[in-house]
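A look at the structure
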Amino acid sequence: MDVPGRARVEETRPGGMKSRGWAIEARALGKNFGPVRALDQLDLQVSEGEFFGFLGPNGAGKTTTLHLFATLLRPSRGTALVFGRDIVRGDLAVRQSIGLVFQETTLDRDLSAEENLRFAGRLWGLPESTIRARTEEVLRPFDLFDRRNDLVRTFSGGMRRAVEVARGLLHRPRLLFLDEPTTGLDPRARRTLWSAIHGLRASLGMTLFLTTHYVEEAEPCDRVAILDRGRIVALGSPAELKSAAGVDSLEDVFLATAGRSLPEAHAPMAPADSED
Ligand SMILES: Nc1ncnc2c1ncn2[C@@H]1O[C@H](COP(=O)(O)OP(=O)(O)OP(=O)(O)O)[C@@H](O)[C@H]1O
Ligand SMILES: [Mg+2]
């Protein structure tokens, strides 16, 4: 599958990978909810084509960060660019280049899989013929094309997640945000979902930004950030993080950096300097 309009400027980016530019650049990005400093001061650059993982305990600020990048929230301070477009001033352009699979399910269970996708395709302004072709393109890798006419309410949790990921890919985004895509799925359903996502990622040349609680899912990431109480406490390739912490697993890195703060993760942070 060839996706037009992709500049391919080869440069070396963090982690030593070859890249085509920045997908995300955040500078001192922050978000408050009343007294809670959900995201403190995020400085982060993600390369186009990178598979980036965001790990952190409940309440660390992962979803908040994704929603800022996806222009669903406005920052309290700082800036971020997605493919060079400002998330506030260029929010429409940003939305056209991204897909987002929400942490909470957002499918209409009384529609079929195909109807859910067609609805999203029309919102994207895609022609009907494109929607039909892409529906097959995105459902086949998840083995759901033959079930496309069945109501979503008859699907298992894993199948519903797959339909949500498929819907997020319908407009062939350059960057896909996945907010805990596999929570609640059994190991087989997780493996099926990941193999389809990676297949589509390879064919679309897509950047993936993942949040997960399954630490082992972050192992194949190019780089991982561990977020704790709205701050990045560790950033690097899985190998770099393990070696810096002197441990053998990412889970041990997670426990050594963010694990200690689990009990008070939902407590209010330092006083905020602005509120939303
Ligand atoms: N709309 C909101 N209004 C008020 N507080 C919020 C809102 N959204 C998030 N928060 C708070 O911001 C902090 C970060 O929440 P966020 O949802 O970003 O965490 P998370 O890392 O995604 O957690 P989880 O792993 O449980 O999904 C939490 O303290 C949460 O209570
Ligand atoms: Mg979340």
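Here we summarise the structure given alongside this text. Because the structure is a prediction, the values reported are computed rather than measured.

One finds Phe 69, Val 82, Ala 166, Phe 177 and Ile 226 to be the most contacted residues of the largest nonpolar core, which totals 67 residues. It is helix 5 (residues 157-169) that contributes the most residues to this core, six residues altogether. Sequence-distant contacts of Val 82, defined by excluding residues within four places in its chain, comprise Ala 23, Ile 24, Phe 69, Ile 87, Val 94, Ser 97, Ile 98 and Leu 175.

As summarised here, the arrangement of the four strands in space is 4-3-6-7, forming an open sheet in which the pairing is antiparallel. The sheet terminates laterally at strand 4 (36-47) and strand 7 (85-86), the two strands that pair on one side only. The pairing of strand 3 (residues 22-33) with strand 4 spans eight bridges and is antiparallel. The partner of Leu 29 across the bridge, within strand 4, is Leu 42. Along the sheet, helix 1 (residues 62-69) contacts strand 3, strand 4 and strand 6 (77-82); its crossing angle with strand 4, the most-contacted strand, is approximately 60°.

Of all six residues making up strand 10 (residues 207-212), six are buried, and the element is well covered by its neighbours. Every second residue of strand 10 is oriented toward a common face, with Thr 207, Phe 209 and Thr 211 on one face and Leu 208, Leu 210 and Thr 212 on the other, all of them buried. Bridging between strand 5 (residues 51-55) and strand 10 involves five bridges; their strand directions are parallel. Bridge pairing in strand 10 places Gly 53 opposite Leu 210. Summarising the sheet, strand 9 (residues 175-179) and strand 10 pair through five bridges and their orientation is parallel. Counted as the bridge partner of Asp 179 is Thr 211 from strand 10. Each parallel crossover has a hand, and the one from strand 9 via helix 6 (residues 187-204) to strand 10 is right-handed.

As a further point, take the sheet that holds strand 11 (residues 223-228). Strand order across the open sheet formed by six strands is 8-9-10-5-11-12, with mixed pairing between neighbours. Lying at the two open borders of the sheet, with one neighbouring strand each, are strand 8 (98-101) and strand 12 (231-236). Pairwise comparison of adjacent strand axes, ignoring direction, gives a mean angle of 15° for this sheet. Here helix 5 sits on the sheet and contacts strand 8 and strand 9; the angle it forms with strand 8, its principal contact strand, is near 165°.

Here helix 3 (residues 113-123) has its buried residues at Ala 113, Glu 114, Asn 116, Leu 117, Arg 118, Ala 120 and Gly 121. Residues of helix 3 that are buried sit in contact with helix 4 (128-139) and helix 5. One or two positions beyond helix 3, positive phi appears at Gly 125, with a value near 75°.

In the vicinity of ligand 1, 13 residues are found, and the nearest of them are Phe 33, Ala 38, Asn 58, Thr 63 and Thr 64. Counting residues per element, the ones that place at least two in the shell around ligand 1 are strand 4 and helix 1. Per-element accounting of the shell around ligand 1 gives the leading share, three residues, to helix 1. Taken together, the residues of the shell around ligand 1 break down into four nonpolar, eight polar and one charged.

Turning our attention to the pairing of strand 11. The buried fraction of strand 11 is high, at six of six residues. Here strand 11 shows two buried faces, one formed by Arg 223, Ala 225 and Leu 227 and the other by Val 224, Ile 226 and Asp 228. Looking at chain direction, strand 5 and strand 11 are connected through four bridges and run parallel. Counted as the bridge partner of Phe 52 is Arg 223 from strand 11. Following strand 11, the chain reverses through two residues before pairing antiparallel with strand 12; Arg 229 in that reversal takes a positive phi of roughly 50°.

Between helix 3 and helix 4, the least distance of the axes is 10 Å, while the angle of their chain directions is 125°. Classified by the interaxial angle, the pair formed by helix 3 and helix 4 is oblique. Classified by chirality, the crossing of helix 4 by helix 3 is right-handed. Here Ala 113, Glu 114, Leu 117, Arg 118 and Gly 121 of helix 3 lie close against helix 4, whose contacting residues are Ile 131, Arg 134, Thr 135 and Leu 139. Residues that form the contact of helix 3 with helix 4 fall into these classes: four nonpolar, two polar and three charged.

Turning to the environment of Arg 95, a few remarks are in order. Relative to the elements of secondary structure, Arg 95 occurs in helix 2 (residues 91-97). Looking at Arg 95, the number of C-beta atoms within 10 Å reads 19, which means it is partly exposed. The sequence separation of Arg 95 and Phe 69 amounts to 26 residues, and the corresponding C-alpha distance is 9.3 Å.

Rules behind the numbers
Residues numbered from 1 in each chain as written. Chains lettered and ligands numbered in written order. Predicted model: local features only at pLDDT ≥ 70, side-chain atom pairs only at ≥ 80, totals over all residues. Core = buried A, V, L, I, M, F, W, Y, C linked by C-beta atoms within 7 Å. Buried ≥ 20, exposed ≤ 12 C-beta atoms within 10 Å, placed from the backbone. Helix = DSSP H or I, 4+ residues; strand = E, 2+ residues; numbered from the N terminus. Contact = placed C-beta atoms within 7 Å. Pairing = 2+ DSSP bridges. Axes fitted to C-alpha atoms, helices over the stretch in contact; angles between N-to-C directions. Right-handed = clockwise from strand over helix to strand, strands pointing away. Near = placed C-beta within 6 Å. Nonpolar A, V, L, I, M, F, W, Y, C, P; charged D, E, K, R; others polar. Parallel < 35°, antiparallel > 145°, perpendicular 65-115°, else oblique. Left-handed = near helix turned anticlockwise from the far one by under 90°.

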